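Reading the structure
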Amino acid sequence: MPSLLFKNARIFDGTSADCAEGQWLRVANGHIQEISDQPLKAGDDTRVIDVAGRTLMPGLIDAHVHAFASDVAVARIEAVGEAYRTAHAVRMLGHALDCGFTTVRDIGGGNYSLYKAAADGLFRAPHFHYAGKILSMTGGHGDMRQIEQTPRYAPACACVEANTFSVMADGVDECLKQTREQLRQGAHCIKLMGSGGVASPTDPIWMNQYREDEIRAIVGECEARRSYASAHCHPASAVRRCVEYGVRAIEHGTLIDAETAAFVAARGAYIVPTMVIIHALVELGRELGFPAQSQTKVELVAQQAISGLDLMRSAGVKVVFGTHLLGSTYTQQCREFTLRSQVFTPLELLRQATSTAAEMMLMAGQIGCVQVGAQADLIVVDGDPLRDIGLLAADGRHLGCIVRGGEVIRSDR
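Rules behind the numbers
- Residues numbered from 1 in each chain as written.
- Predicted model: local features only at pLDDT ≥ 70, side-chain atom pairs only at ≥ 80, totals over all residues.
- Heavy atoms only, no water.
- Pairing = 2+ DSSP bridges.
- Helix = DSSP H or I, 4+ residues; strand = E, 2+ residues; numbered from the N terminus.
- Axes fitted to C-alpha atoms, helices over the stretch in contact; angles between N-to-C directions.
- Contact = heavy atoms within 4.5 Å.
- Expected span 1.5 Å × (residues − 1).
- Buried < 20%, exposed > 50% of the residue type's maximum accessible area, 1.4 Å probe, protein only.
- pLDDT = per-residue confidence, 0-100.
- Polar contact = N/O pair within 3.5 Å; in protein donor to acceptor, adjacent residues only side chain to side chain.
- Parallel < 35°, antiparallel > 145°, perpendicular 65-115°, else oblique.
- Left-handed = near helix turned anticlockwise from the far one by under 90°.
- Nonpolar A, V, L, I, M, F, W, Y, C, P; charged D, E, K, R; others polar.
- Core = buried A, V, L, I, M, F, W, Y, C linked by side-chain atoms within 4.5 Å.
- Salt bridge = Lys/Arg side-chain N within 4 Å of Asp/Glu carboxyl O.

**What about the pairing of strand β2 (residues 20-28)?**
The side chains of a regular strand alternate, first on one face of the sheet and then on the other. Sheet topology note: the strand β1 (residues 4-11)/β2 ladder contains five bridges and is antiparallel. Each residue of the ladder has a partner; that of Leu 5, found in β2, is Arg 26. Note that β2 and strand β3 (residues 31-36) share five bridges and pair antiparallel. Within the sheet, the bridge partner assigned to Trp 24 lies in β3 and is Ser 36.

**Overview of the sheet that holds strand β7 (residues 101-106)**
Strands belonging to one sheet form pairs held by backbone hydrogen bonds; the direction of such a pair is parallel or antiparallel. Spatial strand order, β6-β7-β8: three strands in an open sheet with parallel pairing. Both edges of this open sheet fall to β6 (60-65) and β8 (127-130), since each of them pairs with a single strand only. Put simply, the sheet's adjacent strands are angled 20° from each other on average, direction ignored. The pairing of β7 with β8 spans four bridges and is classified as parallel. Paired with Asp 106 across the strands is Tyr 130, a residue of β8. Contacts from helix α2 (residues 82-98) reach β6, β7 and β8, with the element oriented near 140° to β7.

**Comments concerning helix α5 (residues 212-224)**
Between its terminal C-alpha atoms α5 stretches 18 Å, which fits the 18 Å expected from 13 residues at 1.5 Å a residue. Taken as a whole, α5 has its buried residues at Glu 214, Ile 215, Ala 217, Ile 218, Val 219, Glu 221 and Cys 222. Once α5 ends, the next one or two residues include Arg 226, with phi positive near 60°.

**Details of the environment of Arg 180**
Mapped onto the fold, Arg 180 is located in helix α4 (residues 171-184). The class of Arg 180 is partly exposed, set by a relative accessible area of 46%. Considered as a pair, Arg 180 and Arg 267 are 87 residues apart in the sequence and their alpha carbons are 26 Å apart.

**Notes on the confidence of the model for the protein**
Averaged over all residues, the pLDDT of the protein is 95; the fraction at 70 or higher stands at 96%. Here residues 153-158 is a poorly scored stretch, pLDDT under 50, and it has zero contacts once near neighbours within four places are set aside; other chains count.

**Some remarks on the side chain of Ser 3**
One can find Ser 3 in the segment before β1. At 2.8 Å, the side chain of Ser 3 and the side chain of Thr 46 are in polar contact. If we ignore the near neighbours within four places in the chain, the residues touching Ser 3 are Val 27, Ala 28, Asp 45, Thr 46 and Arg 47.

**Some remarks on the packing of helix α6 (residues 236-244) against helix α7 (residues 258-267)**
What describes two packed helices is the angle between their axes and the distance between those same axes. Between α6 and α7, the shortest axis-to-axis distance is 9 Å and the interhelical angle comes to 20°. When the interaxial angle is binned, α6 and α7 end up roughly parallel. Regarding α6 and α7, the two cross each other, and that crossing is left-handed. Facing α6, whose interface residues are Ala 236, Val 239, Arg 240, Val 243 and Glu 244, α7 presents Glu 259, Thr 260, Phe 263, Val 264 and Arg 267. Residue classes in the contact of α6 with α7 are distributed as five nonpolar, one polar and four charged.

**Topic: the nonpolar core**
The nonpolar side chains of soluble globular proteins are, as a tendency, buried together. Judged by nonpolar contacts, the single largest core of 93 residues is most densely connected at Leu 192, Val 247, Ile 250, Phe 337 and Leu 392. If you look at the next biggest cluster of nonpolar residues, it comprises 19 residues, including Leu 25, Leu 56, Cys 369 and Val 370.

**Thoughts on the pattern of salt bridges**
Two side chains that carry opposite charge are able to pair once their charged atoms sit near each other. Going through the model one piece at a time under the given rule, you end up with 23 salt bridges. Asp 412 is paired through a salt bridge with Arg 413; the nearest N and O atoms lie 3.8 Å apart. The class of Asp 412 is partly exposed, set by a relative accessible area of 45%. One continuous salt-bridge network, built from bridges that share partners, spans Arg 10, Glu 21, Asp 384 and Arg 387.

Printed below as a string of structure tokens:
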């Protein structure tokens with residue numbers, strides 16, 4: 001891989017509002033090797049990219065995707081088969097890369113096979129981190145069986161109830177086994193279903209899920225592997241108990257209250273809201289065939305989605321960028337910036353999609369930053385995203401250059 005030399009760059013490092021101008025940056029072996037306010041010499045095999053005073057910043061991180069979610073209805077996702085789901089993942093991840101997302105965290109369903117295909121360059125994709133299958137209790141948010149479906153009893157069956165996204169685990173022993181199994185298969189972290197949800201057919205959204213001993217067992221096993229646990233939670237009660245029991249990251253947190261937001265902030269936990277999927281389903285769910293019972297739930301959640309963000313901001317919660325898009329709605333990924341801008345400043349949004357996301361993923365200093373030694377995941381923005389976050393909400397149209405791991409994905413210079 002040839003080395004790269006960026007010149008005349010205005011650098012946003014992923015954290016500071018003060019952007020250094022007239023900077024030079026060298027990339028070698030997929031990492032940032034040198035940053036200087038003085039001209040750097042280009043080697044014979046160096047590609048020089050003139051940033052021309054534009055903003056050079058870390059590649060974006062979407063910390064909540066489901067690459068295999070080829071439809072808004074889980075039943076249809078299951079029915080179409082693995083090849084179709086994979087084709088959707090290829091399309092979705094390629095779009096994410098073109099929008100400037102150089103890293104994604106698949107927080108349910110992603111697996112080693114898809115990771116390996118992306119890492120080996122079989123298709124265009126961001127760096128792909130995956131949680132494997134989500135752990136759900138029977139009848140929890142990961143259990144997608146309809147109420148009329150009977151359980152499959154077998155006296156000597158060693159199989160488990162599972163679907164594309166989740167595996168059922170009940171009791172401490174099963175939770176430990178499934179946590180170990182997902183980690184064995186390369187999971188970046190483990191996600192559990194900590195409350196009811198929108199897409200599942202038989203559990204109310206207000207329901208707290210998993211007992212304390214089960215959650216603590218999952219968390220402990222993750223920590224032993226130097227990983228962490230994440231939990232799907234909508235209601236405030238579920239958010240609080242999961243954080244109290246050691247969960248590092250909360251997915252959604254939509255129905256949070258002020259007291260719980262303060263508790264999360266005090267514990268130093270993270271929340272990954274997903275505004276865009278809520279709005280997309282309210283607008284398009286019926287047209288796309290979203291199940292009726294789920295449509296009712298998402299319209300309820302939508303009533304408090306933005307006010308929940310305001311509570312998180314006021315409490316000082318560490319908020320991370322995520323989208324959770326399903327099926328054809330994947331094209332709305334960048335709209336998350338627009339929706340969050342009703343509450344957060346551009347600087348706050350930039351941190352959510354770079355340095356704070358990296359910190360949550362235990363990858364601070366490796367991704368989500370512009371500093372020596374970090375992965376060379378970089379984008380060049382035609383303008384100042386610290387003043388106009390809309391530059392990142394335009395599906396990549398204002399990106400002059402995208403670099404992933406030192407590889408130039410595209411460049412206008």
